[in-house]
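Architecture and fold: a report
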Amino acid sequence: MDILTWGRTPWGEWMLTHISWDLLWAALFAGVAFLVAHASYMLLSAHRKRDAAETDRLEAARTDLPVRIARHSLAARLFHWVMAAAMFTLLFTAFLPIAGVKFPWVQWHWMAGLVLTASIVFHIIHATVWMDFWSIWIGPKDIPELKSELMRELGREADGPKPGKYPLGNRLYHLVIVLSALVVVTSGLFMMVRVRTPFFTRNPYLLTDAKWGLTYVAHGLAGVALVGLVIAHVYFAMRPEKWWITKSMILGWITRRQYLEHHDPTRWVSR
Ligand code: HEM
């Protein structure tokens, strides 16, 4: 399987042009293989939430908490769904033509790209000014939580910390998707200069052939990575034991019991 596609400059030198589209099928295969592996593993795995007796005790002690705990503000939910619509439009407009469904995709693609870019800019400002910015990032400080979550996964009791607002897996996923999105958005904005848009006269000479090649390869690699990442995200959102989180992305809240079952109230203080 080839990973990259090469072409020749007018001077006969080899240069990169695109990624090989075999990678799209590899990403789809990897996404589906991951679902099957994870679903099989979940049949054996111990559940990691707090046990019922302990949650009963906590619930009795924490009647000061509201029955519904706010998890996502309206602005955060709107961002999520606008971004999801843009992301699906981008994936389908990019990859359907490659899979053989021909239509004039470029203008729909860059328009969805601008919606994604605007929603990300909004999200960065919103998260920095109004949200708990650090609650989503992952680092060495999370090793004790990782250890105790692994113990719970193996069905053992562990006194170590439970997750704050976002479980470890979600924070790792956020980091990978941030990196892929930054690459796809930056390269995509440059690529807009090469196609016809109402904003400026197209200029294929902005970069050298070699730099355009690298830009297209970066865009393609981040794009196929997003195929696998989006498949994994939708899969987790649809798993029955995660419905309480998915529902909160629609309604904005979780119940007091779900909050106490899955979180450490000292690490995600509900206000
Ligand atoms: C989920 C995100 C995205 C995916 C999966 C994706 C995927 C792709 C793919 C596979 C191509 C074909 C590249 C090639 O021929 O080598 C492409 C082209 C293009 N993308 Fe994206 N893209 C995404 C986001 C964006 C964004 C955010 C923008 C702009 C802001 C953008 C602008 C463009 C443009 C202008 C082209 C056409 C380039 C040309 O035909 O010369 N894309 N995209």
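Note that the structure is a prediction, hence the values are computed from the model and not measured. (Residues numbered from 1 in each chain as written. Predicted model: local features only at pLDDT ≥ 70, side-chain atom pairs only at ≥ 80, totals over all residues. Heavy atoms only, no water.)

**Comments concerning the packing of aromatic side chains**
Tallied over the entire structure, the rule returns nine aromatic pairs. Geometrically, the ring pair formed by Trp110 and Phe199 is edge-to-face, given 5.6 Å between the ring centres and 70 degrees between the ring planes. You can see Trp110 sitting in helix H4 (residues 106–129) and its partner Phe199 sitting in the loop between helix H6 (168–191) and helix H7 (209–238), a full 89 residues away along the chain. An aromatic cluster is present here, built from Phe34, Tyr235 and Phe236 joined pairwise through their rings. Over the ring of Trp253 we find Arg68; its NZ or CZ atom is 4.0 Å from the centre of that ring. Over the ring of Trp212 we find Arg194; its NZ or CZ atom is 5.1 Å from the centre of that ring. (Phe/Tyr/Trp six-rings, centres within 6.5 Å; stacked < 30°, edge-to-face > 60°. Helix = DSSP H or I, 4+ residues; strand = E, 2+ residues; numbered from the N terminus. Lys NZ or Arg CZ within 6 Å of the ring centre and 35° of its normal.)

**Brief notes about the site of the ligand**
Taken together, 22 residues surround the ligand, and among them His18, Met87, His109, Tyr216 and His219 come closest. Within the side chain of His109, one N or O atom sits 2.7 Å away from a nitrogen atom of the ligand. Here a nitrogen atom of the ligand and a side-chain polar atom of His219 are 2.8 Å apart. A majority-of-atoms criterion places the ligand in the second largest pocket. Elements represented by at least two residues in the shell around the ligand include exactly helix H3 (74–98), H4, H6 and H7. (Near = heavy atom within 4 Å. Polar contact = N/O pair within 3.5 Å; in protein donor to acceptor, adjacent residues only side chain to side chain. 1 Å grid on protein atoms, 1.4 Å probe; cavity = no way out; pocket = protein on both sides within 12 Å on 5 of 7 lines; lining within 4 Å. Sits in = over half its atoms within 2 Å of the grid points.)

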